[in-house]
Amino acid sequence: QDGSGSSSDGPPPAVKAILNKFSSGKEEDKINGYLKMLKVGPDLLKFIPGEKASDLRCWLEAYRYWNQGGLNNVKAMLQLVVQRYLTEQQQQHQQGGTVDEAKKKIELLESLTLPELEVTPDIGLLHPLLDGYASHPKSYMDWRLSPTAANQAKQQNFKLAPNNSPRIALLLYRKHVITNQRYIQDLIQYFESEGFIPVPVFINGVEAHTIVRDWLTSTHEIEGVSTGTIVRDSTYKSNEATCVDAIVSTIGFPLVGGPAGSMEAGRNVDVAAALLESMDVPYIVASPLLLQSIPMWQSNGVLGLQSVVLYSLPELDGAIDTVVLGGLVGDKIALIPERVRKVCSRLRGWVNLRKTPPADRKISVMLYGFPPNVGAVGTAALLDVPNSLEQLLKRLHEEGYNVGDFAKDPDASGQSLVAALAVCSENSVIAGGSNKMQSAIEQRMERARNGDETVPETLAKPGGGLAGATVLGKDMNFDELEKMLGKYMAKKVRKSWPEKERGPGMNMKGEMVINGLQIGNIWITVQPLLGVEGDPMRLLFERDLTPHPQYTAAYEWMRLPEEKGGFGTDAVIHLGMHGTVEWLPGQPLGNDRQSWSDELLGGTPNVYVYAANNPSESILAKRRGYGTLVSYNVPPYGRAGLYLELANLKDLVNEYRSGEDSRSDLRDAIWGSCERAGITADVPYNFSVENSEGELDLSAVKVEDFDAWVANLSNYLVTLEERLFSSGLHTLGGQPTDKELLSYLNAYFDDKLSVDELEEVIALSHETHKSTESSNSFLSWLQSFADNFMGDNSDCGTQTSDDEPLKDEALKIVELLKRNTEE
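Residues numbered from 1 in each chain as written. Predicted model: local features only at pLDDT ≥ 70, side-chain atom pairs only at ≥ 80, totals over all residues. Heavy atoms only, no water.

Caption draft 1: Region of the structure containing the overall build of the protein. Secondary structure assignment for the protein yields 32 helices and 18 strands. Looking at the protein as a whole, 48% of its 823 residues are labelled buried. On the protein, roughly 40100 Å² of surface is accessible, and the fraction owed to carbon and sulfur atoms is 51%. (Helix = DSSP H or I, 4+ residues; strand = E, 2+ residues; numbered from the N terminus. Buried < 20%, exposed > 50% of the residue type's maximum accessible area, 1.4 Å probe, protein only. Areas by Shrake-Rupley, 256 points an atom, 1.4 Å probe, with all protein chains shown as cover.)

Caption draft 2: Focus on the pairing of strand E7 (residues 283–293). Of all 11 residues that make up E7, eight are buried, and the element is covered over most of its length. As defined by bridge partners, strand E6 (residues 246–249) adjoins E7 across three bridges and the pair is classed as parallel. Across the sheet, the residue bridging to valine 248 is isoleucine 284, located in E7. Pairing of E7 with strand E8 (residues 320–329) involves five bridges; the strand directions are parallel. Following the sheet pairing, serine 293 is matched in E8 by leucine 328. (Pairing = 2+ DSSP bridges.)

Caption draft 3: Spatial organisation of the pattern of salt bridges. Taken as a whole and judged by the stated rule, the model has 29 salt bridges. The shortest N-O distance in the salt bridge between glutamate 599 and arginine 593 comes to 3.0 Å. One salt bridge in this structure joins lysine 807 and glutamate 804, with 3.9 Å as the shortest N-O distance. Note that lysine 807 and glutamate 804 are positioned in helix H32 (residues 803–817) at a spacing of three residues, about one turn of the helix. Residue glutamate 804 is classed as partly exposed on the basis of its relative accessible area of 43%. Each member of the salt-bridge network shares a partner with another, and the members are Glu338, Arg339, Lys342 and Asp598. (Salt bridge = Lys/Arg side-chain N within 4 Å of Asp/Glu carboxyl O.)

Caption draft 4: Just the side chain of arginine 144, in detail. Structurally, arginine 144 is set in helix H6 (residues 137–144). The class of arginine 144 is buried, set by a relative accessible area of 1%. Residue contacts for arginine 144: discarding those within four places in its chain leaves Ala149, Leu160, Ala161, Asn163, Glu192 and Ile197. (Contact = heavy atoms within 4.5 Å.)

Caption draft 5: Structural view of the nonpolar core. Residues Phe191 and Ile524 are the most contacted members of the largest nonpolar core, which totals 110 residues. Of the residues forming this core, the biggest block, seven residues, is contributed by helix H17 (residues 414–424). Not counting residues up to four positions away in its chain, the partners in contact with isoleucine 524 are Val365, Leu367, Leu389, Leu393, Leu417, Leu421, Gly516, Leu517 and Ile519. Counting residues in hydrophobic clusters, the runner-up holds 48 residues, among them Leu129, Met141, Tyr173 and Val309. (Core = buried A, V, L, I, M, F, W, Y, C linked by side-chain atoms within 4.5 Å.)

Caption draft 6: The arrangement of the packing of helix H9 (residues 182–193) against helix H15 (residues 337–355) in detail. Running from N to C, H9 and H15 point in directions that differ by 50°, and their axes come no closer than 10 Å. By the angle between their directions, the pair H9 and H15 is classed as oblique. Where H9 crosses over H15, the two elements pack in a sense that is right-handed. Facing H9, whose interface residues are Leu187, Tyr190 and Phe191, H15 presents Pro337, Val340, Val343, Cys344 and Leu347. Looking at side-chain class alone, the contact of H9 with H15 contains eight nonpolar, no polar and no charged residues. (Axes fitted to C-alpha atoms, helices over the stretch in contact; angles between N-to-C directions. Parallel < 35°, antiparallel > 145°, perpendicular 65-115°, else oblique. Left-handed = near helix turned anticlockwise from the far one by under 90°. Nonpolar A, V, L, I, M, F, W, Y, C, P; charged D, E, K, R; others polar.)

Caption draft 7: Up close: H32. Under the 1.5 Å per step criterion, the end-to-end length of H32 is 21 Å for 15 residues, consistent within 8% with the ideal 21 Å. Among the residues making up H32, those that are buried are Leu806, Lys807, Glu809, Ala810, Leu811, Ile813, Val814, Glu815 and Leu817. (Expected span 1.5 Å × (residues − 1).)

Caption draft 8: Structural detail: the sheet that holds strand E2 (residues 167–173). Spatial strand order, E1-E3-E2-E6-E7-E8-E9: seven strands in an open sheet with mixed pairing. A single partner strand is all that each edge strand has here, and the edge strands are strand E1 (124–125) and strand E9 (332–335). Strands in contact with H15 are E2, E6, E7, E8 and E9; relative to E8, the strand with the most contacts, it is inclined by about 165°.

Caption draft 9: Examining the sheet that holds strand E15 (residues 606–611) more closely. With respect to topology, seven strands assemble into an open sheet ordered E11-E12-E13-E10-E14-E15-E16, the strand pairing being mixed. In this open sheet, the two edge strands, each paired with only one partner strand, are strand E11 (470–476) and strand E16 (627–632). When the angles between neighbouring strand axes are averaged without regard to direction, this sheet yields 25°. Relative to strand E12 (residues 512–519), E11 runs antiparallel, the two sharing seven bridges. The partner of methionine 476 across the bridge, within E12, is methionine 512. Where H17 meets the sheet, its contacts fall on strand E10 (363–367), E11, E12 and strand E13 (522–526), and the angle it forms with E12 comes to roughly 165°. Packed onto the sheet, helix H19 (residues 437–449) meets E11 and E12 and runs at close to 140° relative to E11.

Caption draft 10: Geometry of the environment of leucine 367. Mapped onto the elements, leucine 367 comes out in strand E10. Residue leucine 367 is classed as buried on the basis of its relative accessible area of 0%. For the pair formed by leucine 367 and methionine 577, sequence separation is 210 residues and the distance between their alpha carbons is 9.8 Å.

Caption draft 11: Structural detail: a nonpolar patch on the surface. Together, Leu291, Leu305 and Val308 give the surface a local cluster of nonpolar side chains, amounting to about 270 Å² of exposed area. Among the secondary structure elements, valine 308 is positioned in helix H14 (residues 304–317). (Patch = residues over 30% accessible without salt bridge, like charges linked within 9 Å, V, L, I, M, F, W, Y side chains within 5 Å.)

Caption draft 12: Quick look at the packing of aromatic side chains. The tally for this structure, following the rule as stated, stands at 12 aromatic pairs. Between tyrosine 133 and phenylalanine 202, the ring centres sit 5.2 Å apart and the planes meet at 70°, which makes this aromatic pair edge-to-face. Taken together, the positions of tyrosine 133 in the loop between E1 and H6 and phenylalanine 202 in strand E3 (residues 197–203) put the pair 69 residues apart, joining distant regions of the chain. Owing to a relative accessible area of 38%, tyrosine 133 belongs among the partly exposed residues under this scheme. Grouping aromatic residues by their ring pairs yields a cluster made of Tyr656, Trp671, Tyr685, Phe706 and Trp709. We note lysine 362 situated over the ring of phenylalanine 567; from NZ or CZ to the ring centre the distance is 4.5 Å. (Phe/Tyr/Trp six-rings, centres within 6.5 Å; stacked < 30°, edge-to-face > 60°. Lys NZ or Arg CZ within 6 Å of the ring centre and 35° of its normal.)

Caption draft 13: Region of interest: the environment of lysine 461. With respect to the element layout, lysine 461 can be found in the loop between H19 and E11. Note: C-alpha distance between lysine 461 and methionine 445 (16 residues apart in sequence) is 8.2 Å.

Caption draft 14: Inspection of H17 at higher detail. Within H17, nine of the 11 residues are buried, which leaves the element mostly enclosed by the surrounding structure. Burial in H17 covers these residues: Gly414, Ser416, Leu417, Val418, Ala419, Ala420, Leu421, Val423 and Cys424. For H17, the N-terminal capping position is held by serine 413, with its side-chain oxygen 3.0 Å away from the main-chain nitrogen of glutamine 415. (Polar contact = N/O pair within 3.5 Å; in protein donor to acceptor, adjacent residues only side chain to side chain.)

Caption draft 15: Broad picture of unusual backbone geometry. Histidine 578 follows methionine 577 through a cis peptide bond whose omega is -15°. Looking at where histidine 578 falls in the secondary structure, it is placed in the loop between strand E14 (571–575) and helix H24 (596–601). You will see that asparagine 157, though not glycine, has its phi angle at about 55°, which is positive. Along the chain, the position of asparagine 157 falls in the loop between helix H7 (147–155) and E2. Note on asparagine 157: relative accessible area 73%, which makes it exposed. A positive phi angle, near 55°, is found at aspartate 280, a position not held by glycine. Locating aspartate 280 in the fold gives a position in the loop between helix H12 (268–279) and E7. According to the relative accessible area criterion, aspartate 280 is partly exposed, its value standing at 33%.

This is how it looks when you write it as structure tokens:
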């Protein structure tokens, strides 16, 4: 309590003032400041006379030994406690011997010299070739790039990455450094051998954000600072920092506060998002499991608290491509070399993508076609895939990517691309192989121009509306697939899919057909079907089963370098909710070498465009499918309303309930309408009076029974009429129309604002062009909006007689919906 007797959050003001002296004054730095205070506390307490602070001083001194760690420091800590308290007890209770013996014990304890504290820096940098520790990244890089480091490596036969290699910041546990956990040195050595220059920074765990903020920078941040679009924090240390291409944390937990969290709830995510947005480099969490053994992970996946530390908390900051690097073997931490190579391959994919000029980047776009043979090619939940594909290609062109003539051709159409892909997905066309697919598309184009109504009209456009897109694919035999998969995984495929049961996607020669449309450096394809004929979900439930050969071949060929006969994609975009690669057999969480999503995606960056209203499934795409999620908004909501038969039924019910004289005449009409609409099962009845023919005899039903059923029917129709549903499909990056905005707001406010008032809000949004990116970040604004939305009531935060707050809320919603262009 403060002086007035009222409660206050956090420590007393005096303690807060002291904590500020040991940190930058920022809320997110206070835990780090607290640790610093514990280090120097004993020295400060020396100035307090007498025994007033002796116990506190002893505790702080003991903590200082404990915090530094190591066997000698722990021994010294125990000696300190024994000398401080056991000698007192011996003096006060001289039991179990003579007075002389007790004095001798006391003298012996007091004669022992307390060892000096063996100090390891709280933060620093290390390397197997470096004597001691570097004090900051710049001094470390000066050594790492020097002839001295090269000579040491040569003498010790240690492979160093070339000096122009990508630089990867590694955040390591200080505790594991001072306890000489072997995996730390091994991890650094593996990164060097994989062609990366590691920048290994060890921390206690709570300072990760200060390392990113004060010691690291990036090409993007440097350019932003030079143009004035980015303002670095005042704590940034330009004479100590270094530029990196990616950040890998082996700590887990949130970036801000680590295991300790934050002294201010809810602050972590905003601070982390701002730091990582400024850096704009991949942030990957890859760590050995500290709470599970390797065998436990291999048999059950990542479990319980370990999944929270490694996945859930870092993902809130924006961590991607989490990889399990190893785990416990007894009381030691061991790496699995193959998993370290995996995280390096994921890093290499992202770094190479950044370093490759946009015009030279090769991008694959994966559409879906499930269920097969029913016109579902190019569909996704809540997304207009053809129009979204068209907008995506045009935006890629604006960003400097090579999309051929698509952006310049006035007849180019996403509908045409999807129609051509649908032709290539037909079983009869697949049977002829990839070499005959181009002629199959051209034949359909000719039929469309001749007015054949069985062919999509869009193919009748000049050039079929394809803007020069042509078929690119391959017919692959199993020997070729085995070279790409490796003998182990290929053997599993052979076992699950013998030669006579090779699954879909095979031509008449028994080869796997891979196909898609190439336009510039973009390859657009349809994801292979998941399962087997008549049982498409089988793969989801049989862990030992494998994808069929053509499925594996499509992903392997997509990644295979062009010089080896593949497409050589630099990244893949899975367009819409949702595909199947993340559902393939393997570990439920924490991919291993035998997880098929891990094998087929390899090191390819996977941008997964996913509906924003389905986090439970999108998280699988992120974790099992290495998906970097880009959310798309759902279509505007509207009220379902009633139509045709149901609208007539509502009128009959209202007439029946309001009338008296002609009610009996309406019974048959109401019942007949219910049967035609098929809702008698939805509104159960408890009368069973039958005539001689075994049919329901409505005339014999009691009035009160029928009235009760009609009342239930009326409630059902009201519920049905007011039900919210998604109206139409969303186009990626497309702003909602005024009509769609009106539908959304009308559904959201449920008549609390009139149509005229809502139209006024929409008109105001056009006039003001008000931006949500003013002084606060988007995440801050979203948090504020969510708080207002939840409020203290359950009625959407809109229970007020004053319309102005409602209009303000409506305006914020409109502004948020207009940010669809950022997708």
